[in-house]
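Survey of secondary and tertiary structure
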Amino acid sequence: MNTVSESIFRELDFFVVSFILGIVLVLAYDCLRIFRRLIRHGTAWLAIEDLCYWIITAFVIFAMLYQKNDGLIRGFSIGGIVIGMLLYNQLISRYIVRYITLFLEKIIHMVQKICRFVFSPFCRAAKIMSVKGTAAVNKGRKIKKYFKKRLKNMKNEIKIGVSKK
């Protein structure tokens, strides 16, 4: 009698682990969705991210099946994964993605404000230096032009002086 209940508990444990794995897999995809909402990217990157996600998911499911059931694929284990995924996705996922994205966007916005406040004196100084640097360059060009003109005049005067003698 103990062996029957022991094997049933093992099967129940296997089903619960499969169910929880389904939840964890959708939670991992939610993290990817949150990342995508925070940092927008093109279709090619979405495809690459999805491909990587599904490859990792396949390895994780295989590892769970190998560890818990010696690599045998059982219908109720796949059912447990699918049920866990569907329940989490339908009941919790949209709220997790929405509110965590909102929270992270607010944190990013606050960090940006703090960075602007901290670095604003440096930005102003760089702007001033840039304006003064431009003015200095322009003045330097004018001085160069002035001296070039003076040297040309001196050269012409020396030529005239030499040719008169």
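Let me begin by describing the structure that accompanies this report. It should be emphasised that the depicted structure is a prediction, and the values quoted were computed from it without experimental measurement. Residue numbers here run from 1 along each chain, matching the order of that chain's written sequence. Note on the predicted model: pLDDT of at least 70 is required for a residue's local features to be given, and 80 or more for side-chain atom pairs to be given and counted; whole-chain, interface and lining totals, by contrast, use all residues. The basis for every side-chain value is the complete set of heavy atoms in the structure, and neither hydrogens nor water enter the calculation.

**Overview of the overall build of the protein chain**
- We count a stretch as a helix when DSSP gives it H or I for four or more residues in a row; a strand needs E for two or more, and each element gets its number in order from the N terminus. What the protein chain contains, in helices and strands, is three helices and zero strands.
- The helix and strand sequence of the protein chain, counted from the amino end, reads α-α-α.
- The buried share among the 165 residues of the protein chain stands at 16%.
- Any two residues whose heavy atoms approach within 4.5 Å at even a single point are treated as in contact. For the protein chain, the proportion of contacts with a sequence separation of at least 24, taken over those separated by at least 6, is 79%.
- Split by element, the accessible area of the protein chain, about 13,400 Å² in all, is 71% carbon and sulfur. Partly exposed residues are those whose accessible area sits between 20% and 50% of the maximum for their type, while under 20% is buried and over 50% is exposed, using a 1.4 Å probe and protein chains only. All accessibility values rest on the Shrake-Rupley procedure with a 1.4 Å probe; residue burial counts only the protein chains present in the view.

**Some details on the nonpolar core**
- The criterion is simple. A nonpolar core is a set of buried Ala, Val, Leu, Ile, Met, Phe, Trp, Tyr and Cys residues joined through side-chain atoms within 4.5 Å. Phe 14, Leu 21, Leu 25, Val 26, Leu 32, Tyr 53, Ile 61, Met 64, Leu 65, Ile 81, Met 85 and Tyr 88 together form the largest nonpolar core, which totals 12 residues.
- Among the elements of the structure, helix H1 (2-38), helix H2 (43-69) and helix H3 (75-164) are those that each provide at least two residues to this core.
- Residue contributions to this core peak at five residues, all from H1.

**Description of the packing of aromatic side chains**
- Any Phe, Tyr or Trp ring, taking Trp's six-membered ring, that has another such ring centre within 6.5 Å forms a pair; planes under 30 degrees apart are called stacked, those over 60 apart edge-to-face, and the others tilted. Tallied over the entire structure, the rule returns four aromatic pairs.
- Ring geometry for Phe 14 against Phe 76: centres 5.6 Å apart, planes inclined by 90°, an arrangement best described as edge-to-face. Placement of Phe 14 in helix H1 and of Phe 76 in helix H3 is noted, with a sequence separation of 62 residues between them.
- Look at Phe 14 and you get buried, because its relative accessible area is 3%.
- We classify Phe 76 as partly exposed; its relative accessible area is 30%.
- Feature note: the residues Tyr 29, Tyr 53 and Trp 54 constitute an aromatic cluster, connected by ring pairs.
- A ring is considered to have a charge above it if a Lys NZ or an Arg CZ atom is located within 6 Å of its centre and within 35 degrees of its normal. Geometry around Tyr 99 places Arg 98 over its ring, the cationic atom sitting 5.9 Å from the centre.

**Topic: a positive patch on the surface**
- Like charges are joined within 9 Å and nonpolar side chains (Val, Leu, Ile, Met, Phe, Trp, Tyr) within 5 Å, but only among residues with over 30% relative accessible area and no salt bridge; these make up the patches. A pairing counts as a salt bridge when a side-chain nitrogen of Lys or Arg comes within 4 Å of a carboxyl oxygen of Asp or Glu. Only four residue types enter the charge count: Lys and Arg as positive, Asp and Glu as negative, with His and the chain ends excluded. For charged residues, the charge sits on one atom: NZ in Lys, CZ in Arg, CG in Asp, CD in Glu. On the surface, a cluster of positive charge is contributed by Arg 141, Lys 144, Lys 148, Lys 152 and Lys 155.
- Mapped onto the secondary structure, Arg 141 falls in helix H3.
- Judged by its relative accessible area of 55%, Arg 141 is exposed.

**Some words on a nonpolar patch on the surface**
- Taken together, Phe 9, Leu 12, Val 16, Ile 20 and Val 24 make up a surface patch of nonpolar side chains, about 450 Å² in accessible area.
- The topology assignment puts Leu 12 in helix H1.
- For Leu 12, a relative accessible area of 45% gives the class partly exposed.

**Brief notes about the pattern of salt bridges**
- The tally for this structure, following the rule as stated, stands at four salt bridges.
- A salt bridge links Arg 33 to Asp 30; its shortest N-O distance comes to 3.1 Å. Taken together, the residues Arg 33 and Asp 30, both in helix H1 and three residues apart, mark about one turn of the helix.
- Given the relative accessible area of 1%, Asp 30 is considered buried.
- As a salt-bridge pair, Arg 36 and Asp 50 come within 2.7 Å of each other at their nearest N and O atoms. In this pair, Arg 36 sits in helix H1 while Asp 50 sits in helix H2, placing the two residues 14 residues apart along the sequence.
- Judged by its relative accessible area of 14%, Arg 36 is buried.
- On the accessibility criterion, Asp 50 (23% relative accessible area) is partly exposed.
- Taken together, the salt bridges that share partners define one network made up of Arg 36, Glu 49 and Asp 50.

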